[in-house]
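A structural walkthrough
Each chain, written out:
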Amino acid sequence: MKTSRIFLSCLALATLLLGGCATKPVQAWQRGSLTDYTMRPDRDPLATAMAEHTWVSREGSAGGRGVGGSGCGCN
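A few points on the structure. (Residues numbered from 1 in each chain as written. Predicted model: local features only at pLDDT ≥ 70, side-chain atom pairs only at ≥ 80, totals over all residues. Heavy atoms only, no water.)

Moving on to the overall build of the chain. In terms of regular secondary structure, the chain is built from three helices and zero strands. Helices and strands in the chain line up, N terminus first, as α-α-α. The buried share among the 75 residues of the chain stands at 1%. Accessible surface computed for the chain: about 7,000 Å², of which carbon and sulfur atoms make up 62%. (Helix = DSSP H or I, 4+ residues; strand = E, 2+ residues; numbered from the N terminus. Buried < 20%, exposed > 50% of the residue type's maximum accessible area, 1.4 Å probe, protein only. Areas by Shrake-Rupley, 256 points an atom, 1.4 Å probe, with all protein chains shown as cover.)

Structure below.
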């Protein structure tokens, strides 16, 4: 009984994890939508600066993006 419950739990977890995998490539007619300006992650400088501030505050290190080194002193 316990083995079948573990097996069903693993099967359900695998189904959830593998259910979102996309195997089809992007079609040529879809590329125009994906290269739109609104799809760029850096289109809003204020939101980028706020996200960077949040990242630095959580990490506890400075220069976490685009700059070499980290807060641990191991560079």
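A few words now on helix H1 (residues 2-18). Within an α-helix, residues lying three or four positions from one another point in the same direction, as the helix has 3.6 residues per turn. Along its 17 residues, H1 runs 24 Å from first to last C-alpha, staying within 8% of the 24 Å computed at 1.5 Å per residue. Here H1 lies mainly on the outside; zero of its 17 residues are buried. (Expected span 1.5 Å × (residues − 1).)

Read these as spatial facts, not as claims about activity.
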